[in-house]
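Examining the three-dimensional arrangement
Chain by chain, the residues:
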Amino acid sequence: MSAISFSSVSFHSANCWNNPKEFGKVRKQQDWKLLVKCLSKSGNPSSQNAVRVGVLGASGYTGSEVIRLLANHPQFGIALMTADRKAGQPISSVFPHLSTRDLPDLIAIKDANFSDVDAVFCCLPHGTTQEIIKGLPKHLKIVDLSADFRLKDISEYEEWYGQPHRAPDLQKEAIYGLTEVLREEVKNARLVANPGCYPTSIQLPLVPLIKASLIKTKNIIIDAKSGVSGAGRSAKEILLFTEVTEGLNSYGVTRHRHGKSNFLLIIGFRYFESDKLQPN
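None of the values given here were measured: they were computed from a predicted structure.

A short note on the overall build of the chain
- Helix and strand counts for the chain come out as eight helices and 12 strands.
- Relative to its full complement of 280 residues, the chain shows a buried share of 39%.
- For the chain, the exposed surface amounts to about 16,400 Å²; the carbon and sulfur share of it is 53%.

In structure tokens form, the structure reads like this:
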């Protein structure tokens, strides 16, 4: 590859072009292809001031986004990443776009050492998170991206998710993490229940409008659309390409599993919600 063609190569969001000095180890493979490894200042917690973070459930779509955001943040360093079924593998084997980052290999949760970790992002499926978080050390700050701690009333959790809540004491201290509305509460929380996509998109415009009495609080129509990746990585017929491409698919009408958490910060209004799945 000539110098001219090399200079025109386009790289993923590792931002290698920001500083030419950050180009590292360019070497030829046996097949004579060039491998470029970008030396990143973020990823592993090299700075003493970095917040040392663990990502639980790193092999899912939510986990990959959390890793991408943390790896690009100057004040965070990823100390450990768990994925039980991918334990022992590098994250690049699951998400090649993260291969330029200096990140630890995936491990099983049972093998994770949290003594050098300040905070964790829990990216596990709904219904599995409560037992995991209940067993974590008390010094950790926790952000849970599942729905397991969003509903204050544990009886409502059982109604909507079909199983009893297994960490009721932790539920009492969980703070609903819509930072634009509850910023001070989130600052002081140990356990933050991160809102889902629909609750965030619905409440951010409605909360200030209702508080300012700028709209009527009855007969609100919510027409929400989500990309198919929001359903996660599990293989289901309704998520196949041929099922979702070139159209919209209504689902969970009146009984979407996140329906209750969509309106935790809005009380006393009538609405109709229609959730639709669309191609990414």
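There's plenty left to go through after this.
Quick look at the nonpolar core
- Ranked by size, the top nonpolar core spans 21 residues in total, and within it V55, I67, M81 and I91 carry the most contacts.
- Breaking this core down by element, the ones donating at least two residues are β3 (51–56), α2 (61–71) and β4 (76–82).
- Sort the elements by how many residues they give to this core and α2 lands first, with three residues.
- In this structure I67 touches V55, A58, I78, M81, I91, L98 and L103, once residues within four positions along its chain are discounted.
- Counting residues in hydrophobic clusters, the runner-up holds 19 residues, among them L56, A112, L124 and L136.

Looking at the pairing of β3
- Judged from the six bridges that link them, β3 and β4 form a sheet pairing that is parallel. Within the sheet, the bridge partner assigned to V51 lies in β4 and is F76.
- Handedness of the β-α-β unit built from β3, α2 and β4 comes out right-handed.

Looking at the sheet that holds β3
- In spatial order, the strands read β5-β4-β3-β6-β7-β9-β8; together these seven strands make up an open sheet with parallel pairing. For this open sheet the edge positions go to β5 (106–107) and β8 (175–176), each flanked by a neighbour on one side alone.

Side note on helix α4 (residues 154–161)
- Taken as a whole, α4 has its buried residues at Y157, W160 and Y161. Down the axis of α4, the smallest arc covering the buried residues is 80°, so these residues share one side.
- Along its buried surface, α4 packs onto α3 (129–134).
- Positive phi appears at G162, one or two residues downstream of α4, with a value of about 75°.

Some details on the environment of V181
- Within the fold, V181 resides in helix α6 (residues 179–187).
- Separated by 27 residues in the primary sequence, V181 and P208 place their C-alpha atoms 8.9 Å from one another.

Quick look at the state of the cysteines
- Applying the stated rule across the entire model yields zero disulfides.
- Here C122 is not disulfide-linked; the sulfur of C123 is the nearest cysteine sulfur, at 6.9 Å.

Observations concerning the packing of aromatic side chains
- Per the counting criterion, the structure on display carries one aromatic pair.
- Here Y157 and Y161 contribute two aromatic rings whose centre-to-centre distance is 4.9 Å and whose plane-to-plane angle is 20°, an arrangement assigned as stacked. Taken together, the residues span about one helical turn, with Y157 and Y161 both in helix α4 at a distance of four residues.

Some words on the pattern of salt bridges
- Under the criterion given, the structure shown has eight salt bridges.
- E65 serves as the salt-bridge partner of R68, at 2.9 Å between the closest nitrogen and oxygen. With R68 and E65 both in helix α2, this residue pair falls three residues apart, about one helical turn.
- For E65, a relative accessible area of 37% corresponds to the partly exposed category.
- Measuring nitrogen to oxygen at the nearest pair gives 3.5 Å for the salt bridge that ties R166 to E131. Of this pair, R166 sits in the loop between α4 and α5 (168–173) while E131 sits in helix α3, and the two are 35 residues apart along the sequence.
- Through salt bridges with shared partners, one network takes in E131, K134 and R166.

Digging into the side chain of T129
- Of note, T129 is situated in helix α3.
- Among the residues examined, T129 registers a relative accessible area of 0% and is labelled buried.
- A polar atom in the side chain of T129 sits 3.4 Å from the backbone oxygen of P125.

Some points on the environment of Y161
- The buried category is assigned to Y161, whose relative accessible area is 17%.
- With 13 residues separating them in the primary sequence, Y161 and D148 have C-alpha atoms 9.0 Å apart.

Here is what the cut-offs are and how they apply
Residues numbered from 1 in each chain as written. Predicted model: local features only at pLDDT ≥ 70, side-chain atom pairs only at ≥ 80, totals over all residues. Heavy atoms only, no water. Helix = DSSP H or I, 4+ residues; strand = E, 2+ residues; numbered from the N terminus. Buried < 20%, exposed > 50% of the residue type's maximum accessible area, 1.4 Å probe, protein only. Areas by Shrake-Rupley, 256 points an atom, 1.4 Å probe, with all protein chains shown as cover. Core = buried A, V, L, I, M, F, W, Y, C linked by side-chain atoms within 4.5 Å. Contact = heavy atoms within 4.5 Å. Pairing = 2+ DSSP bridges. Right-handed = clockwise from strand over helix to strand, strands pointing away. Arc of directions from axis to C-beta. Disulfide = S-S within 2.5 Å. Phe/Tyr/Trp six-rings, centres within 6.5 Å; stacked < 30°, edge-to-face > 60°. Salt bridge = Lys/Arg side-chain N within 4 Å of Asp/Glu carboxyl O. Polar contact = N/O pair within 3.5 Å; in protein donor to acceptor, adjacent residues only side chain to side chain.

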